[in-house]
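Coordinates in review
Chain by chain, the residues:
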Amino acid sequence: MTIKAVYSTEITPEESAADLSSKLSDITAKFIIFFASSKFDSGALASAMQKQFDSASVVGCTTAGEIVSGKMLKDSVVAMAFDSQALEEVNIGVVENVKTENRVPEVFADFERKTGQKMIDLNIKKYVGIILVDGLSLAEEKLMDKIGALTDITFIGGSAGDDLKYKTTYVFAGGRAYTNAAVLVLLKPRVEFDVVKTQSFCDKNKVLEATRVNEAERIVYEFDGLPASEAYANALEVPVEEADSKFMSHPLGLMVGEEPYVRSPQQFQGSDMLFYCNIKEGMELNLLESMDIVQDMREVMKAKKIEHGKISGLINFHCILRTLELEQRSQTEDYGKVFEDVPTIGFSTYGEEYLGHINQTSTMLLFK
Amino acid sequence: MAGQIKRFLDQIVEQRSQGDNTIASTTRTKLILRGINPRNYTNDSADDPETIAEVRKIAQELGVTI
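The rules behind the values
- Residues numbered from 1 in each chain as written.
- Chains lettered and ligands numbered in written order.
- Predicted model: local features only at pLDDT ≥ 70, side-chain atom pairs only at ≥ 80, totals over all residues.
- Heavy atoms only, no water.
- Helix = DSSP H or I, 4+ residues; strand = E, 2+ residues; numbered from the N terminus.
- Contact = heavy atoms within 4.5 Å.
- Areas by Shrake-Rupley, 256 points an atom, 1.4 Å probe, with all protein chains shown as cover.
- Lys, Arg positive; Asp, Glu negative; His and termini not counted.
- Charge placed at Lys NZ, Arg CZ, Asp CG, Glu CD.
- Buried < 20%, exposed > 50% of the residue type's maximum accessible area, 1.4 Å probe, protein only.
- Polar contact = N/O pair within 3.5 Å; in protein donor to acceptor, adjacent residues only side chain to side chain.
- Axes fitted to C-alpha atoms, helices over the stretch in contact; angles between N-to-C directions.
- Parallel < 35°, antiparallel > 145°, perpendicular 65-115°, else oblique.
- Left-handed = near helix turned anticlockwise from the far one by under 90°.
- Domains from an automatic or database assignment.
- Buried area = accessible area lost by both parts, 1.4 Å probe.
- Salt bridge = Lys/Arg side-chain N within 4 Å of Asp/Glu carboxyl O.
- Pairing = 2+ DSSP bridges.
- Nonpolar A, V, L, I, M, F, W, Y, C, P; charged D, E, K, R; others polar.

1. With respect to the overall build of chain B
- On a plain count of helices and strands, chain B comes out with three helices and zero strands.
- Counting from the amino terminus, helix and strand elements in chain B follow one another as α-α-α.
- Judged by the C-alpha coordinates and their principal axes, chain B covers about 30 × 20 × 20 Å.
- Put simply, 67% of the contacts in chain B that link residues at least 6 apart link residues at least 24 apart.
- Split by element, the accessible area of chain B, about 3,600 Å² in all, is 44% carbon and sulfur.
- Of the side chains in chain B, 9 bear a positive and 9 a negative charge, and the two mean positions are spaced by 5 Å.

See the structure below:
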């Protein structure tokens, strides 16, 4: 059984794909997942990757930075290959027009034809899903809600990036690049797998209730009946003028028990607050405070190694805001090293998916 | 009348999970992410029509009969 992680820093899509193929020449890949800088011509890269791995199912997306065992990279392509001993089944579907439609059921119907089982009946210990979605579509919540309604299988993933240009992001499948789309992958691994979610925040025990919102546009107008910016600044005990400098270190969390599902503020628009994911009216959100991301991840990985004995592969969907914080603290090298001894790929996302759409989190799929 | 929301939420979790604790837990999380926190409702909670309508809508989407 082989799961192998590689990367390329070649210049063109064709050179990058050829380089990755060369580095994976010792494995007959059944499934390739890759994450690529937005510097590449997306269509050319999608085509080149499928051409190089013509007998494999190939998916991927653009990023805001890449992760591979031991390193955080820029302007690269990272890829993970799985052979047929690692994966029994791979099913891929593309959900197009995600901004205006929700065609997850069509893809799931196709998965049902291929597996011979209803999505709702699939064994959650045998199957796992991956979702890669246009990171500028604002469609993640409705896609995840639909997926979560139709199946109990865990779908984990990330929102594609474009190196902070915020222009266009792409997902890749079967040799094509798509925008305004999501790629869904249904895997049946032959090895045990685990899903990990970590966000490196502590709860400040201050609660803000969203009392007036525009859910679709991810805007909060009021918390606790006050202008959102004022209520947020009050919770932080700082003047409103200083509050936006605290966004990264003090996002809000929808608490599920002790576990925050992070909602990150993006900017003040007058007295309104724009977030990176939606907030429903009546939601109670706790003020969070950032902790040491590297230390937190070291502890998570240590615990998982003890729990599983060995980790044969890991895919890390890692929020761009966490990457920016690591860069601010000059910790990117240390963060990369946490995964030095584990075959790992990942990318800096525009949002993470696990049960719903979340921010400032690492959602990770781990293979034993 | 009171307590209808809690009863409906319990039915959603029970029917969806069929006794599987992992699915019960993720179903509760999905409800919270959709804005309905089961912990906020007890047998004494008022039967707010708007919340009941929302819970019915979620139940239908999840394929649960309440």
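Anyway, onward from the coordinates.
2. Here we look at helix α2 (residues 42-52) of chain A
- Turning to α2(A), its buried residues are A:Ser42, A:Leu45, A:Ala46, A:Ala48, A:Met49 and A:Gln50.
- At the N-terminal boundary of α2(A), the capping side chain belongs to A:Asp41, with an oxygen 3.1 Å from the backbone nitrogen of A:Gly43.

3. So, the packing of helix α3 (residues 104-115) of chain A against helix α4 (residues 140-150) of chain A
Residue and element names in this part refer to chain A.
- Close contact between α3 and α4 brings their axes to 10 Å; oriented N to C, the two are set at 40°. In terms of orientation, α3 lies oblique with respect to α4. Considering the relative orientation of α3 and α4, their crossing is right-handed. Of the residues in α4, those touching α3 at Val 104, Pro 105 and Phe 108 are Leu 143, Lys 146, Ile 147 and Leu 150.

4. Digging into the domain arrangement of chain A
All names here are of chain A.
- The assigned domain composition of chain A is domain 1 (3-197 + 295-367) and domain 2 (201-290).
- For domain 1 and domain 2, the distance between their C-alpha centres works out to 29 Å.
- Listed by partner, the interface residues are 18 residues for domain 1 and 16 residues for domain 2.
- Interface area for domain 1 against domain 2, summed over the two sides, is near 1,500 Å², with a carbon-plus-sulfur share of 45%.
- Along the contact surface separating domain 1 from domain 2 lie three salt bridges.
- Taken together, domain 1 and domain 2 are joined by 12 residue pairs in polar contact (both at pLDDT 80 or more).

5. Topic: the sheet that holds strand β23 (residues 344-349) of chain A
Residues and elements named next belong to chain A.
- Reading across from one edge, β5-β4-β23-β22-β26-β13 is the order of the six strands in this open sheet, with mixed pairing throughout. Across the chains shown, the open sheet's two edge strands, defined by having one partner strand only, are β5 (71-73) and β13 (193-198). Taking the axes of each pair of neighbouring strands and ignoring which way they run, one obtains an average angle of 15° across the sheet.
- In this sheet, strand β26 (residues 362-367) lies alongside strand β22 (residues 313-319) in antiparallel orientation, the contact comprising six bridges.

6. Brief notes about the interface of chain B and chain A
- With 15 residues of chain B at the contact, the number on the chain A side is 18 residues.
- Between chain B and chain A, a total of about 1,500 Å² is buried, with carbon and sulfur atoms accounting for 60% of that surface.
- Linking chain B with chain A are two salt bridges, by the criterion used here.
- In this structure, B:Lys30 and A:Asp152 form a salt bridge, with 3.9 Å as the shortest nitrogen-oxygen distance.
- For the pair chain B and chain A, the interface holds seven residue pairs in polar contact (both at pLDDT 80 or more).
- For the side of chain B that touches chain A, the element with the most residues is helix α2 (residues 21-33) of chain B, which contributes seven residues.
- Taken together, the residues that form the side of chain B that touches chain A break down as four nonpolar, five polar and six charged.

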